[in-house]
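Now for the letters of each chain:
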Amino acid sequence: MTYLPSDTRYDTMRYNRSGRSGLRLPAISLGMWYNFGGVDPLERSRAMLRRAFDLGITHFDLANNYGPPPGSAEDTFGMIFRQDLAPFRDELIISNKAGYLMWPGPYGEWGSRKYLIASCDQSLKRTGLDYFDIFYSHRPDPRTPLEETMGALDFIVRSGRALYVGISTYDPDQTRQAAQILRDLGTPCLIHQPRYNMFDRWIEDGLLDVLADEGIGCICFSPLAQGILTNKYLDGVPDESRSAKYEGHLHWGDKVNQDRLAKVRKLREIAEARGQTMAQLAIAWVLRHPGMTSALIGASRVSQIEDAVATLDNLAFTEAELSAIEGILAGS
Ligand SMILES: NC(=O)c1ccc[n+]([C@@H]2O[C@H](COP(=O)([O-])OP(=O)(O)OC[C@H]3O[C@@H](n4cnc5c(N)ncnc54)[C@H](OP(=O)(O)O)[C@@H]3O)[C@@H](O)[C@H]2O)c1
């Protein structure tokens, strides 16, 4: 059936400026790392993208390797885009990245000009898009000069393949250097995409300051620690969960362990006192930084997207709540 987005889609979402750029992103963005791959039911992926857009989520995040199998999230997005979202292209911010392994041989990963441009072209083909709104270097490459990687991003913009560029998981020093190179090239760095959640706070140790100084936005991924910062694992590992589906453990070092779950049980009491779900508390907590442009969530069903967007009903924290959260997170 032809998709007609909700007329009220811009009524409740908040849009935050990304650094000192002209671009505003929704406070909640949706990523397609999992649940949009070739192994997932297309109709469920479609329902999530439709519902997200109906709720004002204008930003969808991809990477070359998302699936599984790698590349298939781009195929899925491309299919749904053509059928449902193409008339609304100018209302959407679609990002993509290259950095991780995509094809064999010396040119299939990291940060060379050869890899980044070839990967961007492959991603455009798989999605069927004419351009990406944001193109990222997915990870720093210790063996390629930063000038080469940033030069490739600049070229990707100048050649019309993307409108803006970003970097992901770069440390504070690398970020400062990348920002300088990009500024000199005339293609300022729009945004940084780091991991940030209650269990992983590395960005508080310098990166947020660099981003504020440089006028770069911040979109944090895995704000729910891949689902651990929800009620999901409190009574065991459900079959329908990322942890159960992907070898009993989560990527990026996120493990469902008893110490973390004990903290989530206590955090949930704070969430309940605020009239929120645990997931909403975790999302509001990452958004408390004035420099946080967007929380980049994942979802396996429509209700999780609705839950996340309802976070916006209560973003304010009292000092007492923040220090109670600190106390729980610091406890052993
Ligand atoms: N730049 C990078 O290097 C990088 C790395 C990783 C991710 N990312 C980006 O960040 C996006 C989000 O990452 P993520 O998926 O790890 O984020 P996340 O929001 O921390 O975790 C999402 C998962 O949490 C569970 N969940 C979400 N809402 C829930 C709710 N209300 N109640 C219970 N469970 C809930 C779902 O897991 P179930 O499937 O178990 O239901 C969902 O798939 C990715 O899609 C990708 O775009 C970027």
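Before reading on, note that the structure itself is shown above.
Residues numbered from 1 in each chain as written. Predicted model: local features only at pLDDT ≥ 70, side-chain atom pairs only at ≥ 80, totals over all residues.

## Quick look at the overall build of the protein chain
Rules: Helix and strand assignments follow DSSP, with helices taken as H or I runs no shorter than four residues and strands as E runs no shorter than two, numbered in order from the N terminus. A radius of gyration in this sense is built from C-alpha atoms; the matching globule rule multiplies 2.2 Å by the number of residues raised to 0.38. Three classes are used. A residue is buried when 20 or more other C-beta atoms lie within 10 Å of its own, exposed when 12 or fewer do, and partly exposed in between, with C-beta atoms placed from the backbone. Throughout, a residue-residue contact means that the two C-beta atoms, derived from backbone geometry, are no farther apart than 7 Å.
Summing up its helical and strand segments, the protein chain has 11 helices and 10 strands in all. Against the compact-globule benchmark of 20 Å for 332 residues, the protein chain has a radius of gyration of 19 Å, which places it among compact chains. When its C-alpha atoms are laid out on the principal axes, the protein chain stretches across 50 × 50 × 40 Å. A burial count over the protein chain gives 45% of its 332 residues as buried. Long-range contacts, defined as pairs at least 24 residues apart, comprise 77% of the intrachain contacts of the protein chain with a sequence gap of at least 6.

## What about the pairing of strand 8 (residues 189–193)?
For a regular strand, side chains alternate in direction, first toward one face of the sheet and then toward the other. Note the cut-off: In this scheme, strands are said to pair when DSSP sees at least two bridges between them. With its strands directed away from the observer, a crossover is right-handed exactly when the path from the first strand over the helix to the second travels clockwise.
Judged by how many residues are buried, strand 8 sits mostly within the fold: 5 of 5 residues are covered. Here 4 bridges tie strand 7 (residues 162–168) to strand 8, and the two strands are oriented parallel to one another. Each residue of the ladder has a partner; that of I167, found in strand 8, is H192. Crossover handedness for the path strand 7 to helix 5 (residues 172–185) to strand 8: right-handed. Pairing geometry for strand 8 and strand 9 (residues 217–221), over 2 bridges, is parallel. Bridge pairing links I191 to G217 in strand 9. As for the winding sense of the linkage, the β-α-β connection from strand 8 through helix 6 (residues 207–214) to strand 9 is right-handed.

## Looking at the site of the ligand
Stated precisely, the cut-off is as follows: Each residue gets a C-beta atom placed from its backbone. Should that atom fall within 6 Å of a molecule or strand, the residue is termed near it. Residue polarity is assigned by list, with Asp, Glu, Lys and Arg as charged and Ala, Val, Leu, Ile, Met, Phe, Trp, Tyr, Cys and Pro as nonpolar; anything else, Gly included, falls into the polar class.
Close to the ligand lie 29 residues; G31, W33, F221, G227 and G298 are nearest. Elements represented by at least two residues in the shell around the ligand include exactly strand 10 (294–297) and helix 10 (302–309). Its residues assigned to classes, the shell around the ligand comprises 11 nonpolar, 14 polar and 4 charged.

## Re the packing of helix 4 (residues 146–158) against helix 5
Put simply, the rule reads: To get an axis, a line is fitted to the C-alpha atoms, and for a helix only the part in contact is used. The angle between two axes follows their N-to-C directions and goes from 0 to 180 degrees. The labels follow the angle: roughly parallel below 35 degrees, roughly antiparallel above 145, roughly perpendicular from 65 to 115, and oblique for the rest. Each crossing gets its hand from how the near helix is turned against the far one by less than a right angle, where anticlockwise is left-handed and clockwise is right-handed.
Running from N to C, helix 4 and helix 5 cross one another at 50°; their axes reach a closest spacing of 10 Å. Judged by the angle between their axes, helix 4 and helix 5 are oblique. Like other packed secondary-structure pairs, helix 4 and helix 5 cross with a definite hand, here right-handed. Facing L146, E147, M150, G151, L153 and D154 of helix 4, the residues of helix 5 in contact are Q177, A178, I181, L182 and L185.

## Thoughts on the sheet that holds strand 10
The strand order around the closed barrel built from 8 strands is 3-4-5-6-7-8-9-10, with neighbouring strands paired in parallel fashion. Across the sheet, the mean angle separating the axes of adjacent strands is 30° when strand polarity is ignored. One ladder, built from 3 bridges, connects strand 3 (residues 28–31) with strand 10; its direction is parallel. For I28, the partnering residue across the bridge sits in strand 10 and is A295.

## What about the pairing of strand 3?
Of the two faces of strand 3, the one carrying I28 and L30 and the one carrying S29 and G31 are both buried. With 2 bridges joining them, strand 3 and strand 4 (residues 59–61) adopt parallel strand pairing. Residue pairing in the sheet places L30 in a bridge with F60 of strand 4. At this point the chain moves from strand 3, through helix 1 (residues 42–54), to the parallel strand 4, and the crossover so formed is right-handed.

## Some points on the packing of helix 5 against helix 6
The N-to-C vectors of helix 5 and helix 6 enclose an angle of 15°; their axes lie 9 Å apart at closest approach. In terms of axis orientation, helix 5 runs roughly parallel to helix 6. For helix 5 against helix 6, the interelement crossing comes out right-handed. Contacts between helix 5 and helix 6 involve P172, T175, R176 and A179 from the first element and L207, V210 and E214 from the second. Looking at the contact of helix 5 with helix 6 residue by residue, the classes come out as 4 nonpolar, 1 polar and 2 charged.

## A short note on the environment of E214
The residue E214 is located in helix 6 in this model. Placed 138 residues apart in sequence, E214 and T76 show a C-alpha to C-alpha distance of 35 Å.

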